[in-house]
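Geometric and topological summary
This is what each chain is made of:
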Amino acid sequence: MEEQKKYEHKLINGKIVAAEIRNNCASKVVRHRKETGKSPCLATVLVSDDSRSLNYIRMKHAQCHELGIITRHISLPITTTTATLVSTVETLSEDPDVHGIFLQYPLPAQINAYLAFNAIAPEKDVDGLTVHSFGTMAYGASGFQSCAAYGIMRLLATYGVNPKGSHAAVITQNPAFGNPMCMLLLAGGATVTYCQDRIQDLPNHTGKADIVVVAVNQPKLVRGAWIKKGAVVLDAGCNTGNIGDVDFHTAAVRASLIAPVPGGVGPVTIALLLEQTADAAIQQRWRAPFNNL
């Protein structure tokens, strides 16, 4: 935290942006409750015994309750089959009292993640991870955004960073994050290099980028020497001890703007999940189907 204070003039403050989103979300929740007598409901599904994943769920529930969103949690054993998980998600999708569904990632190795996530009804995919949601993002149709990727775009817009004409590097092993992130940056006019963390000459690819986005969950993977002077750095990593994927101190020296861990991308991602849950409740009340591709 002391390092962050030293570079406060360069920080992208996700807490401020998240607070604005949460205020907007709270207004939607109040409106929905006045009109229907019910609160929006977010169902969370966890297939893991990992304490960190459980803490993520608890954090989301706590923020839901602060805004008046009710929650329902389904915890399944780590030995759960794909068929059982798909059946659970389909049941939630068919439940009219559930407005949004959040399936915690990563899933155990025996689970077919594609089938599990795509069992979520498009109108309840408030984390924006189904094939339908990806398609609507790609074509600008009606649908939900990937919360993490869209959160980064919101941060860029808030801090006056226009991707148009820039070169962006997205470093991740997770296609559920990387694919929508690249799509949104491309839609914003950027040229995008999609990098795996073990790609040959990663420092060279990163060093050419005006915008660097990292989500690998490897502490301090990206060194400051890899960062182009004046680049914008968005660290979406989450590691034990609140350490990001970017070596903050050395990167902050070279970056013009940097989203730190904690307090950068994370708060905005959660706030958008809650806002999209409120939006889902409103849309489902009026039976407003999403456009088909």
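Above this text you will find the structure in question.
Attention in this report is confined to the structure presented alongside it. (Residues numbered from 1 in each chain as written. Predicted model: local features only at pLDDT ≥ 70, side-chain atom pairs only at ≥ 80, totals over all residues. Heavy atoms only, no water.)

1. So, the nonpolar core
Counting 45 residues, the largest nonpolar core has Ile152, Leu156, Met181, Leu185, Val213 and Leu234 as its most contacted members. In this structure Val213 touches Ile152, Ala169, Val170, Ile171, Phe177, Met181 and Leu234, once residues within four positions along its chain are discounted. Core analysis: the second largest hydrophobic core is formed by 22 residues, Cys195, Leu221, Trp226 and Ala251 among them. (Core = buried A, V, L, I, M, F, W, Y, C linked by side-chain atoms within 4.5 Å. Buried < 20%, exposed > 50% of the residue type's maximum accessible area, 1.4 Å probe, protein only. Contact = heavy atoms within 4.5 Å.)

2. As for the sheet that holds strand β8 (residues 257-259)
Overall, parallel pairing links the five strands, which are arranged β5-β4-β6-β7-β8 in an open sheet. Two strands in the sheet have a free side with no partner beyond their single neighbour: β5 (191-195) and β8. Across this sheet, the average inter-strand angle for adjacent strands is 10°, counted without regard to direction. Here five bridges tie strand β4 (residues 167-172) to strand β6 (residues 211-215), and the two strands are oriented parallel to one another. The residue of β6 that forms the bridge with Ile171 is Val214. Across the face of the sheet, helix α8 (residues 175-187) comes into contact with β4, β5 and β6 while running at roughly 170° to β4. (Pairing = 2+ DSSP bridges. Helix = DSSP H or I, 4+ residues; strand = E, 2+ residues; numbered from the N terminus. Axes fitted to C-alpha atoms, helices over the stretch in contact; angles between N-to-C directions.)

3. Concerning the pairing of β6
Among the five residues of β6, five are classified as buried, and the element is accordingly described as predominantly covered. Side chains Ile211, Val213 and Ala215 project from β6 onto one buried face, and the interleaved Val212 and Val214 project onto a second face that is buried too.

4. Thoughts on the environment of Lys60
The topology assignment puts Lys60 in helix α3 (residues 51-67). A relative accessible area of 11% places Lys60 in the buried class. With eleven residues separating them along the chain, Lys60 and Thr71 place their C-alpha atoms 9.2 Å apart. Setting aside its immediate chain neighbours within four residues, Lys60 contacts Phe102, Ile270, Leu273 and Leu274.

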